[in-house]
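This is what each chain is made of:
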Amino acid sequence: MKLRYKILTPLALVAVVGCANDTPKRDPAYAATRPVAVPQVERNDGAIFNTATNISLFEDYRARRVGDILTVRLEERTLGEKESETTVRKQNNSNIDNPTVFGTQPQFSLPNQLPLADTSNNNLAFGVSSSHNFRGQGDSDLSNRLVGDISVSVVEVLPNGNMIIRGEKIVTINQGNEYIRLSGIVSPRDIDGSNTISSIRIADAQISYTGDGATNDANVMGWLSRFFVSALMPF
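(A) Seen up close, the nonpolar core. In this structure, Leu70, Val72, Ile165 and Leu182 are the most contacted members of the largest nonpolar core, which totals 16 residues. For this core, the secondary structure elements donating two or more residues are β1 (69-96), β2 (126-157), β3 (163-173) and β4 (176-186). For this core, the element with the most residues is β2, which contributes four residues.

Written out as structure tokens, the structure reads:
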């Protein structure tokens, strides 16, 4: 038996990698949940009410069971502003006069090789002064907005009637994929008649909006640029 190996050219390898990157990557943590199978009720034609052919006239279509679909209106908007300013000044002066020894003040000469302005008629007087000034100022503005719709599924119904929801939405545009992932806890009282709820009514909400592809890669800072703005850069 002969084994044959085929070496891909660099151009073909780039094409393969590019096609692999265009494939959407689903997150299992946000996978939809199938509804729980309902056991069939034994048919009884002798009764007036027949469970096999009944029509519910007063039941709405709001999500309330595991596997039901719920539409979430994304109405996220965040505004933040922060400003800080710090000023520090410090000045020190220390002076020691020439001491008196045996009733007189010492005075002496030093060798001319020392790096002093004057090496004759010196004494033990000492003086040091220092001055430090620091001023820092910082401004920070934050503004985020996320508007849209996403349909999710009910994962679990809690004992108090609240429901845990989660879902994922993938949109492929040109050479990139956009991912919207959502999870949280909702109350059935906040669901309107069209089986829709606002995202601001979701407790413990986790909403992520990310993407991949050529457009996203163009907005990512390179590793060398990240080094120069990281804490490892001492300057």
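The rest of the description comes next.
(B) Inspection of the environment of Arg89 at higher detail. Considering the arrangement of structural elements, one finds Arg89 in strand β1. Overall, the relative accessible area of 67% leaves Arg89 in the exposed class. In this view, Arg89 contacts His132 and Asn133; residues no more than four positions away in its chain are not counted.

(C) Representation of the pattern of salt bridges. This structure, assessed with the given rule, holds seven salt bridges. For Glu85, the salt bridge identified is with Arg135, shortest N-O distance 3.1 Å. With Glu85 in strand β1 and Arg135 in strand β2, this residue pair connects regions lying 50 residues apart in the sequence. Residue Glu168 pairs with Arg181 through a salt bridge whose shortest N-O separation is 2.9 Å. Of the two residues, Glu168 sits in strand β3 while Arg181 sits in strand β4, which places them 13 residues apart along the sequence.

(D) Molecular detail of the pairing of β1. Taken together, the 28 bridges between β1 and β2 define a ladder with antiparallel strand orientation. Across the sheet, Asn95 pairs through a bridge with Gly127, a residue of β2. Relative to strand β5 (residues 196-198), β1 runs parallel, the two being bridged by three bridges. Within β5, the residue paired with Arg73 across the bridge is Ser198.

(E) Layout of the sheet that holds β4. Judged by pairing direction, the sheet is mixed, and its six strands sit side by side in the order β5-β1-β2-β3-β4-β6 without closing on themselves. Here the strands that pair on one side only, and so sit at the sheet edges, are β5 and β6 (203-213). Shown here is a sheet whose adjacent strand axes are inclined to one another by a mean of 25 degrees, direction ignored. Here β3 runs beside β4; their pairing, made up of 11 bridges, is antiparallel. For Val171, the partnering residue across the bridge sits in β4 and is Glu178.

(F) Focus on unusual backbone geometry. Even without a glycine there, the phi angle at Asn195 is positive, about 60 degrees. Within the fold, Asn195 resides in the loop between β4 and β5. One non-glycine residue, Asp204, adopts positive backbone phi at about 50 degrees. Tracing the backbone shows Asp204 in strand β6. A relative accessible area of 57% means that Asp204 is categorised as exposed.

(G) Region of interest: the environment of Ile180. Relative to the helices and strands, Ile180 is located in strand β4. When its relative accessible area of 14% is taken as the criterion, Ile180 is described as buried. Each C-alpha atom, one on Ile180 and one on Gly167, is 8.4 Å from the other, the two residues being 13 residues apart in sequence. Once you skip the residues sitting within four places of it in the chain, Ile180 turns out to touch Leu74, Ile150, Gly167, Glu168, Lys169, Ser208 and Tyr209.

(H) Quick look at the confidence of the model for the chain. The predicted model of the chain averages 80 in pLDDT, with 77% of residues at 70 or higher. When pLDDT is averaged over each element of the chain, β5 comes out on top at 95 and helix α1 (residues 10-22) at the bottom at 48. Predicted confidence is poor over residues 10-20, with pLDDT under 50, and the contacts of this stretch with residues over four places away or in other chains come to one contact.

(I) Seen up close, the side chain of Ser199. In this fold, Ser199 is placed in the loop between β5 and β6. A distance of 2.7 Å separates a polar atom in the side chain of Ser199 from a polar atom in the side chain of Glu76. Excluding anything up to four places from it in sequence, Ser199 contacts Val72, Arg73, Leu74, Glu75, Glu76 and Ile207.

Analysis parameters
Residues numbered from 1 in each chain as written. Predicted model: local features only at pLDDT ≥ 70, side-chain atom pairs only at ≥ 80, totals over all residues. Heavy atoms only, no water. Core = buried A, V, L, I, M, F, W, Y, C linked by side-chain atoms within 4.5 Å. Buried < 20%, exposed > 50% of the residue type's maximum accessible area, 1.4 Å probe, protein only. Helix = DSSP H or I, 4+ residues; strand = E, 2+ residues; numbered from the N terminus. Contact = heavy atoms within 4.5 Å. Salt bridge = Lys/Arg side-chain N within 4 Å of Asp/Glu carboxyl O. Pairing = 2+ DSSP bridges. Axes fitted to C-alpha atoms, helices over the stretch in contact; angles between N-to-C directions. pLDDT = per-residue confidence, 0-100. Polar contact = N/O pair within 3.5 Å; in protein donor to acceptor, adjacent residues only side chain to side chain.

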